[in-house]
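One-letter residues, chain by chain:
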Amino acid sequence: MATKTLRLLLGDQLNINHSWFLNQDNHVSYVLMEIRTETDYAKHHIQKVVGFFASMRAFCMELRSRQHHVIYFGINDEDNFQSFEKNIQQLIIQHQFTHFEYQCPDEYRVDQQLKNICQSIPIPSAAVDSEHFFTTRDELGRFFEGKKTFLLESFYRALRKKHAVLMDGEQPITGQWNYDGDNRKKLPKGHKPTAPLVFNNDVSSIGAEIEKTNIVTIGNIDALHFVWPINRAQSLQLLDFFVTECLPFFGSYQDAMSPNEWSLYHSRLSFSMNSKLISPKEVIDKAIAAWRNWPNDIEYNQLEGFVRQIIGWREYMRGIYWLKMPDYATMNFFNNQEKLPEWYWTGKTKMNCLKDAINQSLDYAYAHHIQRLMITGNFALLAGIHPDEVDAWYLGIYIDALEWVEITNTRGMSQFADGGIVGTKPYVSSASYIDKMSHYCGTCFYNKTLKTGEKSCPFNSLYWNFYDKNESKLSKNPRIGMMYNVWRRMKSEDKIALLQQADYYLNNINNL
């Protein structure tokens, strides 16, 4: 009997340059599935569900235009059993496939599912690499083998060397590896960033199909003008826009925050990269080429900050994920137990910074890394929210959130629930940092300068309450010892007032 191969493509494996697609083969069929097990494992933003469905459908059309045979399960198809396993078993019987293949998934959950499926089906199976990342799953683990701590900087430098990125032999081309110190500027008053490139994709038919289901989603959508790229051509267009319009300012203002400026100078390429419509290598190559072509327009610190996010942070977080899962998903260093405030789902809070970041997230399924780390994440950690609650929110609300990159950023970097595997200290702040990096505080209901009393900024008292509550776990951390020296020198009546104020806010958290 002739060989007939069924190849599964996940919704985040839309890489047209994968070696699978180099040659058309009549004995190979590809399958993509819109299924409830994927829409329902978290409460996703409607734009996230629509974005993946739209991109999968466009990719299916692209494969068919290249004469590949594709089987596609729409979310409401009658023959869709709504699970990978049942649909695959059905196809094997229906089409008499003799082999099953898949690309290694990026999520532990799906990896386990597919391994189990391969054991349950009656035909040989094989897994291949997704051909997307700079590193293998186990590369970080091997790099840090025998080490007690993991440092992003050393891993980043090793990858720069290995892949010859901005290198002169064994040394960085400028003699300096890292320009992070130059990239912490507040947006100047009156400075108007370039208007972001958005797309006008009509996804109303997909929205209508989702409405027929009982899929629970969050957030808002303009289905006639869907702003996110849903194919490779649009993703490349967004990349071009970034390197010409945004990269010249990216590094300087990558940590800046400003009301009603949802995009600033960020690339917003994470959805395209995480769904593999474009690769991290071509993103970096394009940015480096722009810097070489326009050295007078793009300073080196702008470029290096961007390259470090892609080849450094992104690969580092993935490496931590595969090294530490599944235990990582249960870590709770501070034993935090509280639930997220209700306004994380509505944006209805009097705190300007949180109101802006959350409403932006509900409207665009997007917030940049400092909004995630130092606004929504900062508050959640100060308020003692259970990491499971925070994980579920981040995983659901952002269009680029897939567990391999979300959980290490959330549970590790943002919530310090891993006890310091990813970050060397908890990333918490009072109002002073938020005011330093944003334009939120000036018009806020709360007063950034007040630590206690009516209208005192909640971040101020919660900040000191956090350090007081966790002193036994944090006081020996060399990066934050100074804060404990400040706390110990405070008058006892001032300490009591701060802790009482924090207690009041925590007891009335849904009304802040």
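What counts as what
- Residues numbered from 1 in each chain as written.
- Predicted model: local features only at pLDDT ≥ 70, side-chain atom pairs only at ≥ 80, totals over all residues.
- Heavy atoms only, no water.
- Axes fitted to C-alpha atoms, helices over the stretch in contact; angles between N-to-C directions.
- Helix = DSSP H or I, 4+ residues; strand = E, 2+ residues; numbered from the N terminus.
- Parallel < 35°, antiparallel > 145°, perpendicular 65-115°, else oblique.
- Contact = heavy atoms within 4.5 Å.
- Nonpolar A, V, L, I, M, F, W, Y, C, P; charged D, E, K, R; others polar.
- Buried < 20%, exposed > 50% of the residue type's maximum accessible area, 1.4 Å probe, protein only.
- Polar contact = N/O pair within 3.5 Å; in protein donor to acceptor, adjacent residues only side chain to side chain.
- Phe/Tyr/Trp six-rings, centres within 6.5 Å; stacked < 30°, edge-to-face > 60°.

Caption draft 1: Looking closely at the packing of helix H8 (residues 232-253) against helix H11 (residues 300-324). Put simply, H8 and H11 touch, their axes get as near as 7 Å, and they point 95 degrees apart. One way to sum up the angle between H8 and H11 is to call them roughly perpendicular. The segment H8 lies against H11, with Phe242, Leu247, Pro248, Phe249, Phe250, Gly251 and Ser252 engaging Asn301, Gln302, Leu303, Gly305, Phe306 and Gln309. For the contact of H8 with H11, the class distribution of residues is 7 nonpolar, 6 polar and no charged.

Caption draft 2: Structural context of the side chain of Asp111. Within the secondary structure layout, Asp111 lies in helix H4 (residues 108-120). A residue is classified by how much of its surface remains accessible, and Asp111, at 2% relative accessible area, is buried. Polar contacts involving the side chain of Asp111 include one to the side chain of Arg137, which spans 2.9 Å. Excluding residues that lie within four positions of it along the chain, Asp111 makes contacts with Pro105, Arg137 and Trp322.

Caption draft 3: Fine view of the environment of Asp222. Within the secondary structure, Asp222 is located in the loop between helix H7 (204-211) and H8. Take Asp222: its relative accessible area is 41%, and that puts it in the partly exposed class. The spatial distance from the C-alpha of Asp222 to the C-alpha of Cys60 is 24 Å, given a sequence separation of 162 residues.

Caption draft 4: How the structure looks around the side chain of Asn332. Checked against the element boundaries, Asn332 lands in the loop between H11 and helix H12 (352-364). Residue Asn332 is classed as buried on the basis of its relative accessible area, which comes to 19%. At 2.9 Å, the side chain of Asn332 and the backbone oxygen of Asn336 are in polar contact. Discounting chain neighbours no more than four positions away, the residues touching Asn332 are Gln337, His386, Pro387 and Ala417.

Caption draft 5: Structural context of the packing of aromatic side chains. Within the structure shown, the criterion is met by 45 aromatic pairs. Ring centres of Phe155 and Tyr316 lie 6.3 Å apart, and the angle between their planes is 50 degrees; on these two criteria the pair is classed as tilted. A residue pair is termed long-range when its members are at least 10 positions apart, and Phe155 in helix H6 (residues 152-162) and Tyr316 in helix H11 qualify at 161 residues. Owing to a relative accessible area of 2%, Phe155 belongs among the buried residues under this scheme. With a relative accessible area of 0%, Tyr316 lands in the buried category. When the ring of Tyr463 is compared with that of Trp464, the centres are 5.1 Å apart and the planes differ by 75 degrees; the resulting orientation is edge-to-face. A residue is classified by how much of its surface remains accessible, and Tyr463, at 9% relative accessible area, is buried. Following the ring pairs from residue to residue traces out a cluster consisting of Phe333, Phe334, Phe416, Tyr463, Trp464, Phe466, Tyr467, Tyr484 and Trp487.

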